[in-house]
Amino acid sequence: MIIVLEPGITPEERQTLERFLRDRSAVLRGERTPQGELVVVTANPEGVTPDQALGFAGVARAVPDGQGYLHAAREIHPEGSVVTVKGVPVGGEAFLLAAGPCAVESEAQMEACAAAVKAAGGRVLRGGSFKPRTSPYSFQGLGAEGLRVHRAAADRHGLIMMSEVLDREDLAQVAEITDILQVGSRNMQNFPLLKALGRQAKPVLLKRGLAATREEFLLAAEYILSGGNGDVILSERGIRSFDPSLRNSLDLASVVLLKEMTHLPVLVDPSHATGQHRLVLPMARAAAVCGADGLLLEVHPEPDRALSDGPQAILPQDLIRLSFDLAALLPVVGRSFPVPA
Ligand code: PEP
Ligand code: MN
């Protein structure tokens, strides 16, 4: 069980609550999270119930452990979490546009992408320098040099940098330079990596595994949250289906369901979810009006020459077009998006 304390709880009220729990042999741990102060009940042999905890002064909410993902549960923070990255809100009423190439390839490519993201009202420049490729013979990313090129392009345009970390070995190197650490689909259940990210002070974008249930997805997020890192953003990026005509199937119902199950922000990645550039804009528009907190898109100035995921890359001008659509559509769901200048 997790007990969420009222911000104004007095030390005496807290003591009374904790004494009651300890007298019933409960084992407790206090946590300070972006969602408030929590008392995590790690052992509850006598079965104290959330209703009993709610009877104490200074208790805002009490969440039972039935669902397993305690820190990620919507009940912890019914209003929804806002992850703030360098002053930019992700979640809440804000709508985030994050875009960039699949892989960082060159300064010219990153400059073209960064300029397009900026012009479209985007705030995050994505791009992988450590790439998880299905084949070991495919381009694996530029590594440290890619991180440097990416950082410089993001800084020139005042954008937030997001880059994937593949392995615990690379974590320190990537975390030192990027603003958001991306965990790819293939690593959603890399538990040692998730645990290490729980000890990081940087926000994490966690992508859904290609065959992961929603519960498994939230339990993966729970590894990071319970480790002490409360800044987790989820990304629905399609799941593998029986039909090979598309790379993946975009599970938009999951956006709605996830928003019911968890307080964490959810971004939709229609690029990996479809694998085909002509489907990206229609799915991006659908995602925006079904309640996603933002979009994660692959863009490339020359998709035919891309070293990775060219077929799903949209052009810079498509990104600008999309931003006008977002400005028109988002008010329907109570959000806004600045019309590009
Ligand atoms: C990516 O974002 O480039 C990527 C590899 O995505 P995913 O992990 O969703 O396949
Ligand atoms: Mn990609």
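Since this is a predicted model, take the numbers as computed values, not measurements.

**Quick notes on the packing of helix 3 (residues 107-119) against helix 11 (residues 316-329)**
- Their axes nearest at 9 Å, the elements helix 3 and helix 11 cross at an angle of 10°. It follows from the interaxial angle that helix 3 and helix 11 lie roughly parallel. Between helix 3 and helix 11 the crossing geometry is right-handed. Residue-level contacts link Ala116, Val117 and Ala119 of helix 3 to Pro316, Leu319 and Ile320 of helix 11.
- A per-class count over the contact of helix 3 with helix 11 returns six nonpolar, no polar and no charged.

**A look at the coordination of the manganese ion (ligand 2)**
- Only Cys102 (SG), His272 (NE2), Glu298 (OE) and Asp309 (OD) from the protein coordinate the manganese ion (ligand 2), and they sit 2.0 to 2.4 Å from it.
- Each donor residue of the manganese ion (ligand 2) belongs to the same chain, and together they define the spacing C-x169-H-x25-E-x10-D. With cysteine 102 in the loop between strand 7 (96-100) and helix 3 and aspartate 309 in the loop between strand 14 (294-298) and helix 11, this pair connects stretches of sequence that are 207 residues apart. The two residues cysteine 102 and aspartate 309 agree in class, both being buried.

**As for the sheet that holds strand 10 (residues 180-183)**
- Spatially, eight strands are ordered 7-8-9-10-11-12-13-14 in a closed barrel, and the strand pairing comes out parallel. Strand after strand, the sheet turns through a mean of 25° between neighbouring axes, direction not considered.
- Note: strand 10 against strand 11 (residues 204-207), three bridges, orientation parallel. Opposite valine 183, over in strand 11, you have leucine 206 as the bridge partner.
- Each of strand 12 (232-236) and strand 13 (266-268) is contacted by helix 8 (residues 253-261), which is oriented at about 170° to strand 13, the strand it contacts most.

**Let's talk about the sheet that holds strand 4 (residues 59-63)**
- Taken in spatial order, the four strands line up as 2-3-1-4 in an open sheet, and their pairing is antiparallel. Of all the strands in the sheet, just strand 2 (27-33) and strand 4 have a single pairing partner and so form its edges. The sheet shows a mean angle of 20° between the axes of neighbouring strands, direction not considered.
- Pairing between strand 1 (residues 2-5) and strand 4: four bridges, direction antiparallel.

**Things to note about the site of ligand 1**
- Every one of the 13 residues lining ligand 1 counts as a neighbour, but Arg126, Gln182, Ser185, Lys207 and Arg237 are closest to it.
- Between an oxygen atom of ligand 1 and a side-chain N or O atom of arginine 186, the distance comes to 3.0 Å.
- The side chain of lysine 207 places a nitrogen or oxygen atom 2.9 Å from an oxygen atom of ligand 1.
- Taken by itself ligand 1 offers 290 Å² of open surface, and the protein chains cover 98% of this.
- The residue makeup of the shell around ligand 1, split by class, is two nonpolar, four polar and seven charged.

The rules behind the values
Residues numbered from 1 in each chain as written. Chains lettered and ligands numbered in written order. Predicted model: local features only at pLDDT ≥ 70, side-chain atom pairs only at ≥ 80, totals over all residues. Heavy atoms only, no water. Axes fitted to C-alpha atoms, helices over the stretch in contact; angles between N-to-C directions. Helix = DSSP H or I, 4+ residues; strand = E, 2+ residues; numbered from the N terminus. Parallel < 35°, antiparallel > 145°, perpendicular 65-115°, else oblique. Left-handed = near helix turned anticlockwise from the far one by under 90°. Contact = heavy atoms within 4.5 Å. Nonpolar A, V, L, I, M, F, W, Y, C, P; charged D, E, K, R; others polar. Donors = N, O, S within 2.8 Å, 3.2 Å for Na, K, Ca; no water. Buried < 20%, exposed > 50% of the residue type's maximum accessible area, 1.4 Å probe, protein only. Pairing = 2+ DSSP bridges. Near = heavy atom within 4 Å. Polar contact = N/O pair within 3.5 Å; in protein donor to acceptor, adjacent residues only side chain to side chain. Areas by Shrake-Rupley, 256 points an atom, 1.4 Å probe, with all protein chains shown as cover.

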